[in-house]
Amino acid sequence: MNWEVVIGLEIHAQLATKSKIFSGASTAYGAAPNTQACAVDLGLPGVLPVLNGEVVRMAAKFGLATHSTVAKRSVFARKNYFYPDLPKGYQISQYELPVVHDGYIDIDLENGENKRIGITRAHLEEDAGKSLHEDFHGETGIDLNRAGTPLLEIVSEPDMRSAAEAVAYMKKIHALVRYLDICDGNMQEGSFRCDANVSIRPKGQQEFGTRTEIKNINSFRFVERAINYEIERQIDLIESGGEVVQETRLYDADKNETRPMRSKEEANDYRYFPDPDLLPLELDQVFIDDVEKTLPELPDAKRARFIQQYELSHYDAGVLTASREMAEFFENCAAAAGGEGKLSANWVMGELSGLLNKEGKEISESPVSPQMLGGMLQRISDGTISGKIAKQVFEAMWHGEGDADTVIEKKGLKQITDTGAIEKIVREVLETNPKQVDQYKGGQEKVFGFFVGQVMKATQGKANPGEVNKILKQLLGD
């Protein structure tokens, strides 16, 4: 039987505020356990939550960027459950009336086509604390620093039909929240994580199958592996006569498997009701319009502009706009290079990205600024250095030896463009290699590359390659 996969993602993006959603405690990462949990976060008697206005602005920003409706009236609810890292015995979230709903984003598929993925809702909520198991020998430690940290939970429609589509959607949301500057997207620190709802059904069937939820996956690679494992597990289970049970599962990256965590709760298990301590959140059109004015150029629009303005391929423009930092670096580099878009794109995606990956650096940590790289590219364009010599110059700049002009001057790397000087060297190469000249004239055209190599060797790579080729062809009678 042919099976169809149905996937929906619930992405938790930690909003990049300095304080928590309902208290003034810090959200900074890495503090000692329980040093950033105030009376509100601890759920002490008599304390009242006060909404952080910045989280509302950030949620609205996301809604506008995803073609969603930003609700003029939304309500905070109490989601009741008991767990050691939830001191109040409930989590403040949104349920029936979320702040953002009914939107979409478009993703690129591997076959080059586009697909629209619906966004059911994006609601505000507070994070819970963290249970620590490793250092307590049969006991559990509780760190409440994360309690009250603001989250935007982004719930997709079940529109994805493969793990690859789910990863493409997750990457698109990841890029978007970073472009909007509402989440740092740091998956290692838990700022961006997702739950995957996975089910299968016979192809052609409209009714959904029983779904399982894989909790708290914090890397694109693990999302793909976890979903693919779960698909195979469900197919094997059904084809061997079993039934899929609706449950929450955890993904074990070391064993590459999912395993049961608990039976899946329904909404009524949480006994949602409006939080009596928080008034309904009411937004007017003036507020929404003001937020809209702060939206940056978004990834899709930026990619379209790069294709038109810099004559880049769809692929290159997609790579360069995958992050806001990369796009800004490229544009600043191209400006410094006198508008050389394609050349700038090649170097940013090639040499620069290669060294950044090798040294585990973000583009914001690059020792070579976009202005320095653009300045070097100008020296390629005006013939001062060749593309080959440029690699030496780039490496020297990377290691702090100055800008391109300083390196070129200090190392004597200027390209030889004097045709008389180049012709003299070409003649010497031809005279000292008569056997190869005869081979070339006898039809062995690949020997031409040998001559070019000898000339470049004699000039230490400084001869202008175009002039070398031109003069060689003249002297060889082509």
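In what follows, the structure referred to is the one given above.
Residues numbered from 1 in each chain as written. Predicted model: local features only at pLDDT ≥ 70, side-chain atom pairs only at ≥ 80, totals over all residues. Heavy atoms only, no water.

Caption draft 1: Quick peek at empty space enclosed by the protein. Per the stated rule, a full pass over the model turns up one cavity of 30 Å³ or more. There is about 50 Å³ of room inside the largest cavity. In this structure, the largest cavity is lined by Asp41, Asp85, Leu86, Pro87, Lys88, Tyr90, Glu126, Asp127, Ala128, Gly129, Ala147 and Gly148. Residue composition of the lining of the largest cavity, by class: five nonpolar, two polar and five charged. (1 Å grid on protein atoms, 1.4 Å probe; cavity = no way out; pocket = protein on both sides within 12 Å on 5 of 7 lines; lining within 4 Å. Points joined across faces, edges and corners; volume = space filled by probe spheres on them. Nonpolar A, V, L, I, M, F, W, Y, C, P; charged D, E, K, R; others polar.)

Caption draft 2: The arrangement of the environment of Asn34 in detail. Within the secondary structure, Asn34 sits in the loop between β1 (3-14) and α1 (39-42). Judged by relative accessible area, which is 37%, Asn34 ranks as partly exposed. One polar contact links the side chain of Asn34 to the main-chain amide nitrogen of Leu144, over a distance of 2.7 Å. (Helix = DSSP H or I, 4+ residues; strand = E, 2+ residues; numbered from the N terminus. Buried < 20%, exposed > 50% of the residue type's maximum accessible area, 1.4 Å probe, protein only. Polar contact = N/O pair within 3.5 Å; in protein donor to acceptor, adjacent residues only side chain to side chain.)

Caption draft 3: Layout of the packing of helix α8 (residues 324-336) against helix α10 (residues 370-381). Across the interface, α8 lies against α10 with an axial gap of 7 Å and an inter-helix angle of 40 degrees. Our classification of the angle between α8 and α10 gives oblique. Read as a crossing pair, α8 and α10 show a hand that is right-handed. Mapping the contact onto sequence places Phe329, Asn332, Cys333 and Ala336 in α8 and Pro370, Gln371, Leu373, Gly374, Gly375, Leu377 and Gln378 in α10. Tallied by class, the residues present in the contact of α8 with α10 amount to six nonpolar, five polar and no charged. (Axes fitted to C-alpha atoms, helices over the stretch in contact; angles between N-to-C directions. Parallel < 35°, antiparallel > 145°, perpendicular 65-115°, else oblique. Left-handed = near helix turned anticlockwise from the far one by under 90°. Contact = heavy atoms within 4.5 Å.)

Caption draft 4: Spatial organisation of the sheet that holds strand β5 (residues 90-94). Taken in spatial order, the three strands line up as β5-β4-β15 in an open sheet, and their pairing is antiparallel. Each end of this open sheet is capped by a strand with a single partner; those strands are β5 and β15 (273-274). Note: strand β4 (residues 76-80) against β5, five bridges, orientation antiparallel. Pairing of Arg78 across the sheet is with Ile92, part of β5. (Pairing = 2+ DSSP bridges.)

Caption draft 5: The arrangement of the pairing of β5 in detail. When you tally the buried positions in β5, you get five out of five residues, the bulk of the element. The two faces of β5 match: Tyr90, Ile92 and Gln94 on one face and Gln91 and Ser93 on the other face are all buried.

Caption draft 6: Just the pattern of salt bridges, in detail. Counting across every chain of the model gives 32 salt bridges. Here Arg201 ties to Glu4 by a salt bridge, and the two come within 2.8 Å at their closest N and O atoms. On the criterion of sequence distance, the pair formed by Arg201 in strand β11 (residues 192-202) and Glu4 in strand β1 is long-range, its members being 197 residues apart. Its relative accessible area of 23% is what places Glu4 among the partly exposed residues. Between Arg379 and Asp382 there is a salt bridge whose closest N-O contact spans 2.7 Å. You can call Asp382 partly exposed: its relative accessible area is 44%. (Salt bridge = Lys/Arg side-chain N within 4 Å of Asp/Glu carboxyl O.)

Caption draft 7: Layout of the sheet that holds strand β7 (residues 114-126). Pairing is mixed across the open sheet formed by nine strands, whose spatial order is β2-β6-β7-β10-β1-β11-β12-β13-β14. For this open sheet the edge positions go to β2 (69-70) and β14 (257-263), each flanked by a neighbour on one side alone. Bridge count between β2 and strand β6 (residues 100-108): two bridges; the pairing is antiparallel. From the neighbouring strand, Val70 faces β6, where its bridge partner is Val100. Where helix α3 (residues 163-179) meets the sheet, it contacts β1, β6, β7, β10 (150-156), β11 and β12 (212-217), and its direction lies at approximately 115 degrees from that of β6.

Caption draft 8: Structural context of the nonpolar core. Counting 63 residues, the largest nonpolar core has Leu9, Phe62, Leu124, Ile154, Tyr169 and Ile173 as its most contacted members. Counting residues per element, this core draws most heavily on α3, which supplies eight residues. Contact partners of Leu9, with chain neighbours within four places excluded, come to Ile154, Val155, Ser156, Met160, Ala166, Tyr169, Met170, Cys194, Asp195 and Ala196. By size, the runner-up hydrophobic cluster in this structure holds 37 residues, among which are Tyr179, Ile363, Ile380 and Ile408. (Core = buried A, V, L, I, M, F, W, Y, C linked by side-chain atoms within 4.5 Å.)

Caption draft 9: Representation of the packing of aromatic side chains. Scanning the model with the defined rule gives 13 aromatic pairs in all. Ring pairs connect the aromatic residues Tyr81, Tyr95, Tyr270 and Tyr272, which therefore count as one cluster. The ring centre of Tyr90 lies 5.4 Å from the NZ or CZ of Lys88, which sits over that ring. For the cation-ring pair, Lys473 lies above Phe448, with the distance from its terminal atom to the ring centre recorded as 6.0 Å. (Phe/Tyr/Trp six-rings, centres within 6.5 Å; stacked < 30°, edge-to-face > 60°. Lys NZ or Arg CZ within 6 Å of the ring centre and 35° of its normal.)

Caption draft 10: How the structure looks around the layout of surface pockets. In this structure, the second largest pocket encloses a volume near 1,900 Å³. Along its surface, the second largest pocket is lined by 47 residues, and Lys171, Ala175, Phe220, Ala322 and Ser323 are the ones closest to its centre. When residues of the lining of the second largest pocket are traced back to their parent elements, those giving at least two are β6, α3, α4 (220-239), α6 (299-310), α7 (314-320), α8 and α9 (341-359). Among the elements that take part in the lining of the second largest pocket, α3 stands out by supplying nine residues, more than any other. Taken together, the residues of the lining of the second largest pocket sort by class into 18 nonpolar, 15 polar and 14 charged.

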